[in-house]
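This is what each chain is made of:
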Amino acid sequence: MSSIFEKEIEYRLNNISEDIKRYSELYFDLLDAVHQELKQQNITQADLAKSTGKYPSEIHKWFSGDHNFTLKSIIKLELALGCQLITIAIKEKAKASLEQTISKQEKVKSLNVEKSLNVGSVIDSNEVKIFPINFINMKSVSDNIKIA
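Report follows, based on the coordinates. Computed from a prediction, not measured in an experiment: that's the story for all the values here. (Residues numbered from 1 in each chain as written. Predicted model: local features only at pLDDT ≥ 70, side-chain atom pairs only at ≥ 80, totals over all residues. Heavy atoms only, no water.)

Here we take up the pattern of salt bridges. Pairing is possible between side chains that carry opposite charge, provided their charged atoms lie close to one another. Scanning the entire structure with this criterion turns up four salt bridges. Across the pair Glu58 and Lys54 runs a salt bridge, and its minimum N-O distance is 3.7 Å. We classify Glu58 as partly exposed; its relative accessible area is 25%. (Salt bridge = Lys/Arg side-chain N within 4 Å of Asp/Glu carboxyl O. Buried < 20%, exposed > 50% of the residue type's maximum accessible area, 1.4 Å probe, protein only.)

A few words now on the side chain of Glu78. Within the element layout of this structure, Glu78 appears in helix α5 (residues 71-81). Relative accessible area serves as the criterion here: at 16%, Glu78 is assigned to the buried category. Contacts of Glu78, omitting those with residues within four sequence positions, involve Cys83, Gln84, Leu85 and Ile86. (Helix = DSSP H or I, 4+ residues; strand = E, 2+ residues; numbered from the N terminus. Contact = heavy atoms within 4.5 Å.)

In this section: α5. All buried positions along α5 are accounted for by Ser73, Ile74, Leu77, Glu78 and Leu81. End-on view of α5: buried residues confined to an arc of 145°, all on one side of the axis. Structural note: α5 exposes Leu71, Lys72 and Leu79 on the side pointing more than 90 degrees away from its buried face. Summarising the contacts, the buried residues of α5 are in contact with α2 (18-41), α3 (45-52) and α4 (56-64). Gly82 sits one or two positions beyond α5 and adopts a positive phi of about 70°. (Arc of directions from axis to C-beta.)

Moving on to the nonpolar core. In terms of nonpolar packing, the biggest core is built from 16 residues, with Val34, Leu48, Phe63, Phe69, Leu77 and Leu85 touching the most fellow members. The element contributing the most residues to this core is α2, with five residues. Discounting chain neighbours no more than four positions away, the residues touching Leu48 are Leu38, Ile43, Ile59, Phe63, Leu77, Ala80 and Leu81. (Core = buried A, V, L, I, M, F, W, Y, C linked by side-chain atoms within 4.5 Å.)

How two aromatic rings sit relative to each other is given by the distance of their centres and the angle of their planes. Scanning the entire structure with this criterion turns up four aromatic pairs. Aromatic pair Tyr23 and Tyr27: ring centres 5.7 Å apart, planes at 35°, arrangement tilted. Placement of the pair is Tyr23 and Tyr27 together in helix α2, with a separation of four residues, close to one helical turn. You can call Tyr23 partly exposed: its relative accessible area is 39%. Taking the relative accessible area as the measure of exposure, Tyr27 reaches 6% and is therefore buried. Here the aromatic rings of Trp62 and Phe69 are separated by 5.6 Å at their centres, their planes lie at 55°, and the arrangement is tilted. For Phe69, a relative accessible area of 13% translates into the label buried. (Phe/Tyr/Trp six-rings, centres within 6.5 Å; stacked < 30°, edge-to-face > 60°.)

What follows is the structure, encoded as structure tokens:
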């Protein structure tokens, strides 16, 4: 039989708002990343306090889960550890840039294929029209012919 306390905990866990869930996720992901870096580099929390210019008690609060990290404190951590802890925005920007580059490369490949097939194209809005290059030459020649 569940106690009132257990029911209350279950109720609260099932009714946590999405922003709090996301905050907790990111907070503990950040702490995990910092812990991994500390372990890999054999750095203690006391060492981290010295390198960030913080009191050891403040570093302890960071790792207790009771601290609300500021962007400034995250940057201090990154500089002290020599690693990048926040990469989400950078990844999205890089992904968009990569997609744009791939799109341009595909257009260039398409133009190269058109050259090898001796066809041309005109981009009209979202539509690409392909026609023989000789048609372009014939049209431009016929436009220049004057009938006396």
